[in-house]
Amino acid sequence: MADKMFKALLWAFATAVVMAEAVRGQLVPCYFVFGDSVFDNGNNNELDTLAKVNYSPYGIDFARGPTGRFSNGRNIPDFIAEELRISYDIPPFTRASTEQAHTGINYASGGAGLLEETSQHLGERISFEKQITNHRKMIMTAGVPPEKLKKCLYTINIGSNDYLNNYFMPAPYTTNENFSFDEYADFLIQSYRSYLKSLYVLGARKVAVFGVSKLGCTPRMIASHGGGKGCATEVNKAVEPFNKKLKDLISEFNRISVVDHAKFTFVDLFSSQNPIEYFILGFTVTDKSCCTVESGQELCAANKPVCPNRERYVYWDNVHSTEAANKVVVKAAFAGLITSPISILLLVL
Ligand SMILES: CCCC(=O)Oc1ccc([N+](=O)[O-])cc1
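Counting restarts for each chain, with residues numbered from 1 along the sequence as it is written. Only residues with pLDDT of at least 70 get local features here, since the model is predicted, and only at 80 or more are side-chain atom pairs given and counted; chain-wide, interface and lining totals rely on the full set of residues. Only hydrogens and water are removed before side-chain values are computed, so all heavy atoms of the structure are retained for them.

### Points about the overall build of the protein chain
In step 1: Helix and strand definitions here come from DSSP, where helices need a minimum of 4 consecutive H or I residues and strands a minimum of 2 consecutive E residues; each element is numbered from the N-terminal end. When helices and strands are counted, the protein chain shows twelve helices and seven strands.
In step 2: Here the globule rule reads 2.2 Å times residues to the power 0.38, and the radius of gyration is calculated from C-alpha atoms. For the protein chain, the C-alpha radius of gyration of 19 Å lies close to 20 Å, the compact-globule estimate for 349 residues.
In step 3: Principal axes of the C-alpha set define a box for the protein chain whose edges measure 50 × 45 × 45 Å.
In step 4: When accessible area is computed with a 1.4 Å probe and restricted to protein chains, residues below 20% of their type maximum are described as buried, those above 50% as exposed, and intermediate ones as partly exposed. When burial is assessed residue by residue, the protein chain has 56% of its 349 residues classed as buried.
In step 5: Any two residues having at least one pair of non-hydrogen atoms within 4.5 Å are treated as being in contact. The long-range share in the protein chain, meaning contacts at least 24 apart out of those at least 6 apart in sequence, stands at 74%.

This is how it looks when you write it as structure tokens:
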């Protein structure tokens, strides 16, 4: 009850701030994006990989058609940029100019993970470590001043592939033979800590870290580990300790970096994924892809039929969400309904 009242107050406060801000311009001078396919906006188009989606029906609802976004329309960073009132496109790193390091770059890559080996069976990908190296080179070559870097927003979505395309995959991966769920989560969080430190050293002071969603409820994992119905409970159980430890890691960063006004927030994609919330939001198909996916695959088959009522589907293909679901996530993250300790709006103000 108290929790609900607090959230309602927070919502009212956030709405008031948004209205007050409405008369002003862009909320941050720059926006940097790191992560996997959920955030990729075209980096993988330039790589030798099976994880690329620059073909129809991807982008069927996007103004520029198939751009390499793993969705039918806008992805989460697109909606975040909109909330930030950024009027230009954040370019994918593989096509960004040095000058664009002053206003924002998207480094995310489909298949990327915290571990270098993750998704190796798919081909090339830009791991999280390599994304940070690319960011370092870009801001240094461009000479972006530290005073500006600390005002930028940084969003990160990484970790899903360390489960989907590593732990829950057979050969060449051996992680599930060597680690329990808890040990694997610890192992991943250890690398996450050092990568977050690197970003901090590079000037990041407003950071939103997205947790891993209920991967056991993706059509892909329902088919491979869930017996074809419900959710794959084992997969969700594996992801839970990772999210818990990631949330704790964010608290740790908030404690140690309080002196220089750094702010980190955790975006919980796991807890809000439940049938009642989906129903309230108008999502009626929560366990099937909207596009045609061939048996044993995860991405949409090229030029095959898609569902007409895309706003009712949570999943676009067998792992990635629809534009409609992406929009809901961003609205909730800006309002503080799925973030801890603060909303993305408060992070950037
Ligand atoms: C939440 C998923 C993050 C991600 O990068 O997922 C992918 C999973 C599979 C493929 N693929 O098979 O090509 C690509 C991305």
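### What to know about the sheet that holds strand β4 (residues 263-267)
In step 1: Across the sheet, which stays open at both edges, the five strands sit in the order β1-β2-β3-β4-β7 with mixed pairing between neighbours. In this open sheet, the two edge strands, each paired with only one partner strand, are β1 (31-35) and β7 (339-340).
In step 2: Running over the sheet, helix α2 (residues 76-83) touches β1, β2 (153-157) and β3 (206-210) and is turned about 160 degrees from β1.
In step 3: Relative to β3, helix α7 (residues 181-201) is tilted by about 155 degrees, and along the sheet it contacts β1, β2, β3 and β4. Here a strand pair is declared whenever DSSP counts at least two bridges between the two strands. Note on geometry: axes are C-alpha line fits, over the in-contact stretch for helices, and angles between N-to-C directions span 0 to 180 degrees.

### A short note on the UniProt feature "glycosylation site" in the protein chain
In step 1: UniProt positions are given in the numbering used here, feature names are shortened, and annotations may be inferred rather than shown by experiment. The UniProt entry lists N178 under the feature "glycosylation site", expressed in the numbering used here.
In step 2: Structurally, N178 can be placed in helix α6 (residues 175-178).

### Digging into helix α3 (residues 128-142)
In step 1: Over its 15 residues, α3 extends 21 Å from the first C-alpha to the last, a length consistent with the 21 Å expected when each residue adds 1.5 Å.
In step 2: Those residues of α3 that fall on the buried side of the exposure criterion are F128, Q131, I132, N134, H135, M138, I139 and A142. Down the axis of α3, the sector holding all buried residues measures 160 degrees, keeping them to one side. Among the exposed residues of α3, those oriented more than 90 degrees off its buried face are M140 and T141. One less than the residue count of a helix, multiplied by 1.5 Å, gives the span that helix is expected to have. What the arc describes is the spread of directions from the helix axis to the C-beta atoms.

### Quick word on empty space enclosed by the protein
In step 1: The method works on a 1 Å grid over the protein atoms by themselves. A cavity is a set of points holding a 1.4 Å probe that cannot get out, a pocket is an open set with protein on both sides within 12 Å along at least five of seven lines, and residues with an atom within 4 Å of a point line them. Grid points are joined across faces, edges and corners, and a volume is the space filled by probe spheres set on the points. According to the stated counting rule, one finds one cavity of 30 Å³ or more in the structure shown.
In step 2: Estimated volume of the largest cavity: approximately 50 Å³.
In step 3: In this structure, the largest cavity is lined by S37, V38, F70, S71, N75, I76, H320, S321 and N326.
In step 4: A class-by-class count of the residues in the lining of the largest cavity yields three nonpolar, six polar and no charged. All residues other than Ala, Val, Leu, Ile, Met, Phe, Trp, Tyr, Cys, Pro, Asp, Glu, Lys and Arg, Gly among them, are scored as polar; the first ten of these are nonpolar and the last four charged.

### Side note on a nonpolar patch on the surface
In step 1: Exposure above 30% relative accessible area and no salt bridge define the residues that can form patches, which grow by joining like charges within 9 Å and nonpolar side chains of Val, Leu, Ile, Met, Phe, Trp and Tyr within 5 Å. Every accessible area reported is derived by Shrake-Rupley at a probe size of 1.4 Å, with residue values counting cover from the shown protein chains alone. Salt bridges are defined as contacts in which a side-chain nitrogen from Lys or Arg sits within 4 Å of a carboxyl oxygen from Asp or Glu. Among the surface-exposed residues, I276, F279, I280 and L281 lie close enough to one another that they form a single nonpolar patch of about 500 Å² accessible area.
In step 2: Within the fold, I276 resides in helix α10 (residues 275-280).

### Examining the site of the ligand
In step 1: Each residue is tested against the molecule or strand, and it is near if at least one of its non-hydrogen atoms lies within 4 Å. As a structural note, the neighbourhood of the ligand is formed by 15 residues, with S37, A51, G111, N161 and E298 the closest of them.
In step 2: Within the contact set of the ligand, an oxygen atom lies 2.4 Å away from a side-chain nitrogen or oxygen of S37.
In step 3: The contact in question runs from an oxygen atom of the ligand to an N or O atom on the side chain of E298, over 3.0 Å.
In step 4: Surface burial for the ligand is 97%, taken as the share of its 390 Å² of free accessible area covered by protein chains.
In step 5: Looking at side-chain class alone, the shell around the ligand contains six nonpolar, seven polar and two charged residues. By the criterion applied in these results, polar contacts are pairs of N or O atoms within 3.5 Å in which, for protein atoms, one can donate a hydrogen and the other can accept it, and in which residues neighboring in sequence qualify only through two side-chain atoms.

### A look at the nonpolar core
In step 1: We define a nonpolar core as any set of buried Ala, Val, Leu, Ile, Met, Phe, Trp, Tyr and Cys residues linked to one another through side-chain atoms lying within 4.5 Å. Ranked by internal contacts, the top residues of the largest apolar core, which has 55 residues, are F32, F128, I156, Y163, Y192 and F242.
In step 2: Taken together, the elements giving at least two residues each to this core come down to β1, α3, β2, α5 (160-167), α7, β3, α9 (233-256) and β4.
In step 3: What Y192 contacts, discounting residues up to four positions off in sequence, is L114, F128, I156, I158, V209, F210, F242, L246 and L249.

### Section: the packing of α5 against α7
The geometry of a pair of packed helices is captured by two quantities: the angle between their axes and the separation between those axes.
In step 1: Running from amino to carboxyl end, α5 crosses α7 at an angle of 125 degrees, the nearest separation of the two axes being 11 Å. In terms of axis orientation, α5 runs oblique to α7. α5 and α7 meet at a crossing whose hand is right-handed. Between α5, through D162, Y163, N166 and Y167, and α7, the contact on the second element is made entirely by F181, Y184, A185 and L188.
In step 2: Residue classes in the contact of α5 with α7 are distributed as six nonpolar, one polar and one charged. An angle below 35 degrees is read as roughly parallel, one above 145 as roughly antiparallel, one from 65 to 115 as roughly perpendicular, and any other as oblique. By definition, turning the near helix anticlockwise from the far helix through less than a right angle yields a left-handed crossing, and turning it clockwise yields a right-handed one.

### Examining the pairing of β3
In step 1: The buried count for β3 comes to five of five residues, which makes it a mostly enclosed element.
In step 2: Side-chain alternation along β3 places K206, A208 and F210 on one buried face and V207 and V209 on a second face that is also buried.
In step 3: When β2 meets β3, the two strands line up parallel, connected through four bridges. The residue of β3 that forms the bridge with I156 is V209.
In step 4: Taken together, the five bridges between β3 and β4 define a ladder with parallel strand orientation. Within the sheet, the bridge partner assigned to A208 lies in β4 and is T265.

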